Amino acid sequence: GYRVSLQGNFFGRNDTYMTFPEYNPREHIKLDPPMDIHSNATASKCQIWWSVWNVPWYLAEILQYELQYKEYSMSWEVALNKTVPSSLPQVEIEATELRSGIAYAARVRWKVSENENSFHSQWSEWSQATVFQRADVPKVSEKILNTKTVQYLFIPLSFGILLYLFWSCKLSSRYCYFLPLGEKASLALTFPRQLLSFSHSIVCTRGILR
């Protein structure tokens with residue numbers, strides 16, 4: 001440890017005052033604030049991370065962090081505090097904690113972990129803020145509505161084509177007796193092939209819509 005004293009001229013005479021008889025720097029640490037804070041927001045969560053390069057290497061793995069975030073237009077006095085659960089310089093905010101379409105600001109501070117016996121420190125100043133906004137979630141109802149609309153249009157069209165094929169075959173059968181035998185066989189196979197091809201297209205289209 002160290003002995004810290006204060007010397008000066010007090011009331012016209014030089015005096016020495018013992019400020020700290022035993023001073024241990026390990027127990028009086030205040031770090032510089034975190035730097036290079038970044039954020040990445042998605043529809044499900046917001047990730048925030050920062051750098052520890054300005055911290056001595058022997059302290060970097062025994063730090064604890066506190067996050068503070070708020071709506072960008074609000075004061076820091078009403079901000080929410082969140083304790084970072086791990087010693088890693090990163091934290092996540094769930095989307096349920098954020099309002100859609102609202103910009104947020106977040107900042108972080110650190111100190112030596114309270115579980116550490118070799119060092120003791122106080123909280124650093126707050127870092128600069130990072131600004132983020134939750135990504136909008138796609139509206140599933142609109143996708144379902146568009147799919148149903150296509151299905152409703154597809155069903156009447158399908159019946160219309162089937163009816164057309166049926167009447168075409170019926171009209172063609174009236175003249176079947178006047179055709180040679182080879183042409184009769186070809187005509188007889190035309191409708192089943194058309195029907196099979198159209199049925200296959202219906203199945204494929206319904207599979208795509210699903």
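Residues numbered from 1 in each chain as written. Predicted model: local features only at pLDDT ≥ 70, side-chain atom pairs only at ≥ 80, totals over all residues. Heavy atoms only, no water.

S.K.: I tried to follow the pattern of salt bridges on my own but got confused; where do I start?
M.R.: Side chains that carry opposite charge are capable of pairing whenever their charged atoms lie near each other. Following the criterion strictly, the structure yields 6 salt bridges and no others. A salt bridge links Lys30 to Glu125; its shortest N-O distance comes to 2.8 Å. Of this pair, Lys30 sits in the loop between strand 2 (13-23) and strand 3 (35-41) while Glu125 sits in the loop between strand 8 (103-112) and strand 9 (130-133), placing them 95 residues apart in sequence. The exposure class of Lys30 is partly exposed, given its relative accessible area of 42%. In this structure, the salt-bridge partner of Lys82 is Glu97, at a minimum N-O distance of 3.9 Å. On the criterion of sequence distance, the pair formed by Lys82 in strand 6 (residues 80-83) and Glu97 in the loop between strand 7 (90-94) and strand 8 is long-range, its members being 15 residues apart. What makes Lys82 partly exposed here is its relative accessible area of 23%. Residue Glu97 is classed as partly exposed on the basis of its relative accessible area, which comes to 34%. (Salt bridge = Lys/Arg side-chain N within 4 Å of Asp/Glu carboxyl O. Helix = DSSP H or I, 4+ residues; strand = E, 2+ residues; numbered from the N terminus. Buried < 20%, exposed > 50% of the residue type's maximum accessible area, 1.4 Å probe, protein only.)

S.K.: Whenever I open this one, the sheet that holds strand 7 confuses me. Can you help?
M.R.: Strands pair in a sheet through their backbones, by hydrogen bonds, and they do so in one of two ways: parallel or antiparallel. With antiparallel pairing, 3 strands are arranged side by side in an open sheet as 3-4-7. Only two strands of the sheet have a single neighbouring strand rather than two, namely strand 3 and strand 7. The sheet shows a mean angle of 15° between the axes of neighbouring strands, direction not considered. Bridge analysis of strand 3 against strand 4 (residues 45-51) gives 5 bridges, and the strand direction is antiparallel. Note that in strand 4 the partner of Met35 across the bridge is Ser51. (Pairing = 2+ DSSP bridges. Axes fitted to C-alpha atoms, helices over the stretch in contact; angles between N-to-C directions.)

S.K.: Explain the nonpolar core to me, please; I cannot follow it from the model alone.
M.R.: Grouped burial of nonpolar side chains is what soluble globular proteins tend to show. One finds Ile48, Trp50, Leu59, Ile93 and Phe132 to be the most contacted residues of the largest nonpolar core, which totals 24 residues. Within the residue set of this core, elements represented by two or more residues are strand 4, strand 5 (63-71), strand 7 and strand 8. Sort the elements by how many residues they give to this core and strand 8 lands first, with 5 residues. Each residue touching Phe132, except ones within four places of it in the same chain, is listed here: Ser39, Ala41, Cys46, Ile48, Ile93, Leu98, Ile102, Ala103, Tyr104, Ala105 and Ala106. (Core = buried A, V, L, I, M, F, W, Y, C linked by side-chain atoms within 4.5 Å. Contact = heavy atoms within 4.5 Å.)

S.K.: Would you explain the side chain of Arg109 in this entry?
M.R.: Here Arg109 lies in strand 8. Owing to a relative accessible area of 18%, Arg109 belongs among the buried residues under this scheme. Of the polar contacts made by the side chain of Arg109, one reaches the side chain of Glu66; its length is 2.7 Å. (Polar contact = N/O pair within 3.5 Å; in protein donor to acceptor, adjacent residues only side chain to side chain.)

S.K.: For this particular structure, what's the right way to read the environment of Thr42?
M.R.: Topologically, Thr42 is positioned in the loop between strand 3 and strand 4. Thr42 sits 53 residues away from Ala95 along the chain, and the two C-alpha atoms are 8.0 Å apart. What Thr42 contacts, discounting residues up to four positions off in sequence, is Arg134 and Ala135.

S.K.: Would you mind showing me how to read unusual backbone geometry here?
M.R.: If a residue is not glycine, its phi is most likely negative; likewise, a peptide bond is most likely trans. Phi angles above zero are rare outside glycine, and Asp36 is one such case at about 55°. Considering the arrangement of structural elements, one finds Asp36 in strand 3.

S.K.: Hey, could you run me through the environment of Leu31 in this one?
M.R.: Mapped onto the elements, Leu31 comes out in the loop between strand 2 and strand 3. The spatial distance from the C-alpha of Leu31 to the C-alpha of Ser121 is 8.0 Å, given a sequence separation of 90 residues.

S.K.: Honestly, the pairing of strand 9 in this entry has me stumped. Any pointers?
M.R.: Strand residues, when the strand is regular, have side chains that alternate between the two faces of the sheet. With burial as the criterion, only one face of strand 9 is covered, namely that bearing Thr130 and Phe132; the residues Val131 and Gln133 on the opposite face remain uncovered. Here 4 bridges tie strand 8 to strand 9, and the two strands are oriented antiparallel to one another. Bridging across to strand 9, Ala103 finds its partner in Gln133.

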